[in-house]
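Each chain is listed here by its residues.
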Amino acid sequence: MSGLPGASTCPGPGEASDLKSPLGAKFREPLTEARFQQLFGDAEQEPELLAEPRWSRLRRLWKRRARACSGPGPWPLLRARLPPLRWLPHYRWRAWLLGDAVAGVTVGIVHVPQGMAFALLTSVPPVFGLYTSFFPVLIYTLLGTGRHLSTGTFAVLSLMTGSAVERLVPEPLEGNLSGIEREQLDAQRLGMFALQLGVLATFLSEPVVKALTSGAALHVLVSQLPSLLGLPLPRQIGCFALFKTLAAVLTALPRSSPAELTVSALSLALLVPVKELNVRFRDRLPTPIPGEIVMVLLASVLCFTSSLDTRYNIQIVGLLPGGFPQPLLPNLAELPRILADSLPMALVTFAVSASLASIYADKYSYTIDSNQELFAHGVSNLISSLFSCFPNSATLATTSLLVDAGGNTQLAGLFSCMVVLSVLLWLGPFFYYLPKAVLACINISSMRQMFFQMRELPQLWRISRVDFAVWMVTWVAVVTLSVDLGLAVGVVFSMMTVVCRTQRVQCLALGLAEGTELYRPLRESHKLLQVPGLCILSYPTPLYFGTRGQFRRILEWHLGLGEGGKEAPKTDGPPDAVAEPVRVVVLDCSGVTFADAAGAREVVQLASRCRDAGIHLLLAQCNASVLGTLTQAGLLDRVTPEQLFVSVQDAAAYALERLVRRQ
């Protein structure tokens, strides 16, 4: 060991460093964490910061946070909570107003039939869909930060809400209700939505969200079959509802209504090609063709002139109440019953809305405030629920429609509200003769984009097999069980994949690249230098109770700390390399993003075992959180602050000097 490369001292002022000897390229003394804090740390921090008690550190951080929050007045807070105060003064009236007006009117025209159609999925009267297309859109326009986001009724949420409504407030099987009983039933069902806040700040992975919406689209398709065929079947809920509905439809198929089937076939024959034309000629059309509203007007005129409701007993929408509903306060006694149903709805609401907002913000080069988005959707669902609205969120169909029609800012939402408002105040009677089968066809045709998400599976398979597995497991669970249970299965399985990936991580032995200060895994090249007696290990995963056993086994394997006494250490170098006893080990902690109490105690035990075995342990590049956890676990009782370094390079340089001195 007398000829260790890199044993030379720092070059003098007139000397040239030996760059061909990589370990000799040394320009400064190694920096420990304590020395780094002295030179570059906060002026308020002392060298003993690593040993600072937790309560003292929390008190110091609290004082710093209090000083930071005491400056701004109410105006910055108001501007943060009301985004129009920020973007409206900079609004380009000549360049943007026409685009926002056209896009808003276009989206509003789609909101009218789509809102009434999605109300059927929610098991409430169609007018409640119009309320949901007005109040949440107006509130998000005032509170949201997504310039191109369109909120309102969403098929997946409507389906989940409808299942909860049918389970909690089932309609009598005979279906013969008086007008007063029907109003009481609808009011009780709307009470189910009043506590749906939608304010759970969590993100679902992209495979889970896409599989959820794709599987829910299949549920929507099957649930609309009775309306398409004119079969008065009760709605199936719970596990295997999709298969139960299919079985009931096949059993009752001989009793289907030819008139309803004809109306459904004609509606789909118009809606599906129009949807395809809007997609194929998106760049050529000045504005998308409003196929839904055209179909609604044609079907209403046909039903009125031909008296289809009386001659063939076709189900129609009926009278839409004019004006606004009276505010309805929630019954807090219902909270325990609806809490389990509200949780997955809140997850879907924020996950879909935040994902769409981020996609279009990145596309058009602006930023969104995630906290404000959470606040906007929560307030939107809370306030709108008082006005007979069911849970709502941003939707891909209307958002893409708004963008294609030339929308630029949130102001387009006001024009959309004007269209819906005109229907609520004046145009409602024109939809009296609208067949409900047409609304079912609108529900099915709106699922087009969700069905086509399955075309991304081959690409997902090539990118990540794990994400592909998450997608398939979630989709199968949603289709087989139910939307909310499928969501739970998808989230749990997705989290399990993350845990499993932390369990399969490899601890890599590092070597020095010749002529540099870069350390790379020894398996990447045989030209990397490995100094006898020095072991540099990188552990690139969080250190918690689930990985502590793996961490212990890996370190024992590399350092020869077996249970039967000290063994020969393992090497990742060439097969003919002579393994010498490890005297200094450098543990690169840059990949340890966090450590819990169990993981911290494992590091403390490792330090004790290394000290007993005569191995000098050095820790490099620990982040502040991990270092604080290790300190509280008693690490400084086993090692000194001089054994904690800011980088692998500093720790390796110190280790080389130590090995040279021992020679």
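Within an unreviewed UniProt entry, the label attached to the protein chain reads STAS domain-containing protein, and the organism entered is Monodon monoceros. Listed under Subcellular location (unreviewed entry) in UniProt, the entry text for the protein chain is "Membrane".

A word on the nonpolar core. Val112, Met116, Leu434 and Leu439 are the most contacted members of the largest nonpolar core, which totals 42 residues. Among the elements that line this core, the one with the most residues is helix H20 (residues 436-445), at seven residues. Apart from the residues lying within four places of it in its own chain, the contact partners of leucine 434 are Met116, Val296, Ala299, Ser300, Gln315, Ile316, Val317 and Leu439. Formed by 40 residues, the second largest nonpolar core is a distinct cluster that contains Leu157, Met160, Ala361 and Met450.

So, about unusual backbone geometry. Comment: phi is negative for the bulk of residues other than glycine, and the bulk of peptide bonds are trans. Of note, asparagine 313 is a non-glycine position whose phi angle comes to about 60 degrees, a positive value. Examined against the element boundaries, asparagine 313 turns out to sit in the loop between helix H15 (308-311) and helix H16 (335-363). Using a relative accessible area of 62% as the deciding quantity, one classes asparagine 313 as exposed.

Counting across every chain of the model gives seven salt bridges. Glutamate 602 is the partner of arginine 548 in a salt bridge, and the nearest nitrogen-oxygen pair spans 3.1 Å. Linking arginine 548 in helix H25 (residues 548-559) with glutamate 602 in helix H26 (residues 597-612), this pair joins segments that are 54 residues apart in sequence. The class for glutamate 602 is buried, based on a relative accessible area of 4%. A salt bridge links arginine 609 to glutamate 556, with the nearest nitrogen and oxygen atoms 2.7 Å apart. Taken as a pair, arginine 609 in helix H26 and glutamate 556 in helix H25 lie far apart in primary sequence, 53 residues in all.

Following both chains from N to C, one finds helix H5 (residues 93-121) and H20 inclined at 95 degrees, their axes separated by 8 Å at the closest point. The angle between H5 and H20 places the two elements in the roughly perpendicular class. Contacts from Pro113, Gln114, Met116, Ala117, Phe118, Leu120 and Leu121 in H5 reach Lys436, Leu439, Ile442 and Asn443 in H20. Taken together, the residues that form the contact of H5 with H20 break down as eight nonpolar, two polar and one charged.

Okay, the sheet that holds strand S5 (residues 534-538) next. Spatially, S4-S3-S5-S8-S9-S10 is the arrangement adopted by the six strands of the open sheet, whose pairing is mixed. A strand with exactly one partner marks an edge of an open sheet, and here the two such strands are strand S4 (519-521) and strand S10 (644-645). Note that strand S3 (residues 508-512) and S4 share three bridges and pair antiparallel. Looking across to S4, one finds that leucine 510 is bridged to proline 521.

This brings us to H25. The first and last C-alpha atoms of H25 sit 16 Å apart over 12 residues, in line with the 16 Å expected at 1.5 Å per residue. Looking only at H25, the buried set comprises Gly549, Gln550, Phe551, Ile554, Leu555, Glu556, His558 and Leu559. Just past H25, the residue glycine 560 takes up positive phi, approximately 70 degrees.

The residue threonine 399 is located in helix H18 (residues 396-404) in this model. A residue is classified by how much of its surface remains accessible, and threonine 399, at 0% relative accessible area, is buried. A polar contact is formed between the side chain of threonine 399 and the backbone oxygen of threonine 395, at a distance of 2.6 Å. If near-sequence neighbours (up to four positions away) are discounted, threonine 399 is found in contact with His148, Leu149, Ser150, Leu356 and Tyr360.

Right, let's get into the packing of aromatic side chains. Tallied over the full model, the rule gives 15 aromatic pairs. Ring geometry for phenylalanine 135 versus phenylalanine 387: centroids 4.7 Å apart, planes at 15 degrees, classification stacked. Placement of the pair is phenylalanine 135 in helix H7 (residues 135-143) and phenylalanine 387 in the loop between helix H17 (370-385) and strand S2 (393-394), with a sequence separation of 252 residues. Grouped by ring-pair contacts, the aromatic residues Trp87, Tyr91, Trp93 and Trp96 constitute a single cluster. Sitting above the plane of the tryptophan 96 ring, arginine 147 keeps its charged end 5.5 Å from the centroid. The residue whose ring lies beneath arginine 455 is phenylalanine 452, and the NZ or CZ to ring-centre distance is 4.4 Å.

Quick look at H20 now. The element H20 is largely enclosed, with a buried count of nine among its 10 residues. Along H20, the positions that sit buried rather than exposed are Ala437, Val438, Leu439, Ala440, Cys441, Ile442, Asn443, Ile444 and Ser445. Lining the buried residues of H20 we find H5, helix H10 (206-223), helix H11 (225-229), helix H13 (258-280), helix H14 (291-306) and helix H21 (448-451).

So, about the environment of alanine 595. Following the sequence through the fold, alanine 595 ends up in the loop between strand S8 (584-588) and H26. Take alanine 595: its relative accessible area is 11%, and that puts it in the buried class. If we skip the residues at most four places from it in the chain, alanine 595 touches Leu543, Val626 and Thr629.

This part is about the UniProt feature "transmembrane region" (unreviewed entry) in the protein chain. Following the UniProt record, the feature "transmembrane region" (unreviewed entry) maps to residues 95-112, 118-143 and 468-496 here. Helix makes up 77% of residues 118-143 and strand 0%, whereas the separation of the span's terminal C-alpha atoms amounts to 24 Å. Between the C-alpha atoms that bound residues 468-496 there is a distance of 14 Å. The span itself is 93% helix and 0% strand.

Here we come to empty space enclosed by the protein. Inspection of the entire model under this criterion finds five cavities of 30 Å³ or more. Of the voids in this model, the largest cavity is the one considered here, and its volume is about 420 Å³. In terms of lining residues, the largest cavity is bounded by 26 residues, among which Lys275, Asn278, Ala397, Ser400 and Leu401 are the most central. Within the residue set of the lining of the largest cavity, elements represented by two or more residues are H5, H13, H14, H18 and H21. Class assignment of the residues belonging to the lining of the largest cavity gives a composition of 11 nonpolar, 10 polar and five charged.

What counts and what doesn't
- Residues numbered from 1 in each chain as written.
- Predicted model: local features only at pLDDT ≥ 70, side-chain atom pairs only at ≥ 80, totals over all residues.
- Heavy atoms only, no water.
- UniProt positions renumbered as here; feature names shortened; annotations may be inferred.
- Core = buried A, V, L, I, M, F, W, Y, C linked by side-chain atoms within 4.5 Å.
- Buried < 20%, exposed > 50% of the residue type's maximum accessible area, 1.4 Å probe, protein only.
- Helix = DSSP H or I, 4+ residues; strand = E, 2+ residues; numbered from the N terminus.
- Contact = heavy atoms within 4.5 Å.
- Salt bridge = Lys/Arg side-chain N within 4 Å of Asp/Glu carboxyl O.
- Axes fitted to C-alpha atoms, helices over the stretch in contact; angles between N-to-C directions.
- Parallel < 35°, antiparallel > 145°, perpendicular 65-115°, else oblique.
- Nonpolar A, V, L, I, M, F, W, Y, C, P; charged D, E, K, R; others polar.
- Pairing = 2+ DSSP bridges.
- Expected span 1.5 Å × (residues − 1).
- Polar contact = N/O pair within 3.5 Å; in protein donor to acceptor, adjacent residues only side chain to side chain.
- Phe/Tyr/Trp six-rings, centres within 6.5 Å; stacked < 30°, edge-to-face > 60°.
- Lys NZ or Arg CZ within 6 Å of the ring centre and 35° of its normal.
- 1 Å grid on protein atoms, 1.4 Å probe; cavity = no way out; pocket = protein on both sides within 12 Å on 5 of 7 lines; lining within 4 Å.
- Points joined across faces, edges and corners; volume = space filled by probe spheres on them.

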